[in-house]
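Next come the chains, spelled out residue by residue.
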Amino acid sequence: MRDTVGRAADEARGPEAVPAAGKGPVTSDGARSVLVVGATRVLRPAVRALTARGTPVTAVARGAGALAELAAECGPLVRALAADAQGPGFARALRDAGGPDGFGGALVYTPALPAPLAEELIQGTRVLLLPSRWAAPGAARTDRGATAQPSGSPAWTPGELPPDTAGSRRLVLGWRSASGTTRWHTPEEISAAALSLLDAPAPADAVLGEVRPWSARPA
């Protein structure tokens, strides 16, 4: 029912994103493509790692030029989909890119594709990369009766995330602290953590780095 409604809405708005030429979602040996949303920046190392192990990738980003560079770097296992993941026509373009068998997994940088939309459009194993604001003091909790913790509290777990993302593997992007200073994680660090969750044999959530105390959050 939801797919029918979504399809009708897409067709009414008309497609906007068109997949670039490249491999389809299933290779000749039956390997299914992994969808990577945010492929040219924070998850670029993940695309490199996946293709290095022989896994085909459907890479989504806004810039066609950056995607072309990524495909040239990583080779024919990359299929580029230049699109605004929040724009009209994206849902239909994604269905076309996934083909009848869908994707073998997905890494989704949620500033590019919001979590609720990712859960609606992408079936199967998906890892949602959530910015640190999801762990902000006073953010929505899975347990609606839970009390928000003060900004200096050392205790926070992904179990406090809102329930509408519970169908995914969730990676909360915290920060790294060393020698009294803090910094955001590099694309390499983020990609490695995302792939670990994708490869995990059972569903799991994780926090990359630290999210407390909130006052230590990098500017």
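Quick caveat, the model's predicted, so the values are computed rather than measured. (Residues numbered from 1 in each chain as written. Predicted model: local features only at pLDDT ≥ 70, side-chain atom pairs only at ≥ 80, totals over all residues. Heavy atoms only, no water.)

(A) Inspection of the overall build of the protein chain at higher detail. Regarding its fold elements, the protein chain presents six helices and ten strands. Each of the 219 residues in the protein chain was classed as buried or not, and the buried ones make up 44%. A fraction of 61% describes how many contacts in the protein chain between residues 6 or more apart in sequence connect residues 24 or more apart. For the protein chain, the computed accessible surface area is about 10,400 Å², with 54% contributed by carbon and sulfur atoms. (Helix = DSSP H or I, 4+ residues; strand = E, 2+ residues; numbered from the N terminus. Buried < 20%, exposed > 50% of the residue type's maximum accessible area, 1.4 Å probe, protein only. Contact = heavy atoms within 4.5 Å. Areas by Shrake-Rupley, 256 points an atom, 1.4 Å probe, with all protein chains shown as cover.)

(B) Looking closely at unusual backbone geometry. The omega torsion across Arg-212 and Pro-213 is -5°, close enough to zero to call that bond cis. Mapped onto the elements of the fold, Pro-213 is located in the segment after strand 10 (206–208). Despite not being glycine, Ser-179 shows a phi value in the positive range, around 55°. Residue placement: Ser-179 occurs in the loop between strand 8 (175–178) and strand 9 (181–184).

(C) Quick peek at helix 3 (residues 64–74). Residues of helix 3 that are buried include every one of Leu-67, Leu-70 and Cys-74, and no others. Considered in projection along helix 3, the buried side chains sweep an arc of 60° and stay on one side of the axis. Opposite the packed face of helix 3, turned more than 90 degrees from it, sit the exposed residues Glu-69 and Ala-72. Buried positions along helix 3 lie against helix 2 (44–52), strand 3 (57–61) and strand 4 (78–82). (Arc of directions from axis to C-beta.)

(D) Molecular detail of the confidence of the model for the protein chain. Considering every residue of the protein chain, the mean pLDDT works out to 83; 79% of them sit at 70 or more. This model gives residues 1–29 a pLDDT under 50, and the stretch forms 49 contacts once residues within four places in sequence are excluded. Low pLDDT (under 50) marks residues 142–152, which in the prediction has 20 contacts with non-local residues, meaning those over four places away or in another chain. (pLDDT = per-residue confidence, 0-100.)

(E) Local environment of the packing of aromatic side chains. One pass over the full model with this rule turns up two aromatic pairs. Between Trp-175 and Trp-184, the aromatic rings sit 6.2 Å apart at their centres with planes inclined by 80°, giving edge-to-face as the arrangement. Arranged with centres 5.9 Å apart and planes meeting at 65°, the rings of Trp-175 and Trp-214 form a pair that is edge-to-face. Here Trp-175, found in strand 8, pairs with Trp-214, found in the segment after strand 10; they are 39 residues apart in sequence, far enough to count as distant. Taking the relative accessible area as the measure of exposure, Trp-175 reaches 0% and is therefore buried. Ring pairs connect the aromatic residues Trp-175, Trp-184 and Trp-214, which therefore count as one cluster. (Phe/Tyr/Trp six-rings, centres within 6.5 Å; stacked < 30°, edge-to-face > 60°.)

(F) Quick peek at the pairing of strand 9. Examined bridge by bridge, strand 8 and strand 9 share four bridges and lie antiparallel to one another. Bridging across to strand 9, Ala-178 finds its partner in Thr-181. Counting the residues that bridge the hairpin from strand 8 to strand 9 gives two residues, and of these Ser-179 lies at a positive phi of roughly 55°. (Pairing = 2+ DSSP bridges.)

(G) How the structure looks around the packing of helix 2 against helix 3. It is at 10 Å that the axes of helix 2 and helix 3 come closest, and there the two elements cross at 30°. Taken as axis vectors, helix 2 and helix 3 run roughly parallel relative to one another. Helix 3 is crossed by helix 2, and the crossing has right-handed handedness. Within the contact between the two elements, helix 2 uses Arg-44, Val-47, Arg-48 and Thr-51 and helix 3 uses Ala-66, Glu-69, Leu-70, Glu-73 and Cys-74. Across the contact of helix 2 with helix 3, the residue classes break down as four nonpolar, one polar and four charged. (Axes fitted to C-alpha atoms, helices over the stretch in contact; angles between N-to-C directions. Parallel < 35°, antiparallel > 145°, perpendicular 65-115°, else oblique. Left-handed = near helix turned anticlockwise from the far one by under 90°. Nonpolar A, V, L, I, M, F, W, Y, C, P; charged D, E, K, R; others polar.)

(H) Structural view of the side chain of Thr-165. Looking at where Thr-165 falls in the secondary structure, it is placed in the loop between strand 6 (126–131) and strand 7 (169–173). Taking relative accessible area as the criterion, Thr-165 reaches 1% and is therefore assigned buried. A polar contact of 3.1 Å, which involves the side chain of Thr-165, links it to the backbone oxygen of Pro-162. Reaching out from Thr-165, the side chain makes a polar contact with the side chain of Arg-170 at a distance of 2.9 Å. Excluding residues within four positions of it along the chain, Thr-165 makes contact with Ala-115, Glu-119, Leu-128, Trp-134 and Arg-170. (Polar contact = N/O pair within 3.5 Å; in protein donor to acceptor, adjacent residues only side chain to side chain.)

(I) Structural context of the pairing of strand 3. With respect to burial, strand 3 is a largely interior element, five of its five residues being buried. Taking every second residue as pointing to the same face, both faces of strand 3 are buried, with Val-57, Ala-59 and Ala-61 on one and Thr-58 and Val-60 on the other. Of the pairings in the sheet, the one linking strand 2 (residues 34–37) to strand 3 comprises four bridges and is parallel in character. Residue pairing in the sheet places Val-34 in a bridge with Val-57 of strand 3. Running through helix 2, the crossover from strand 2 to the neighbouring parallel element strand 3 is right-handed. With five bridges connecting them, strand 3 and strand 4 associate as parallel partners. Opposite Thr-58, over in strand 4, you have Arg-79 as the bridge partner. (Right-handed = clockwise from strand over helix to strand, strands pointing away.)

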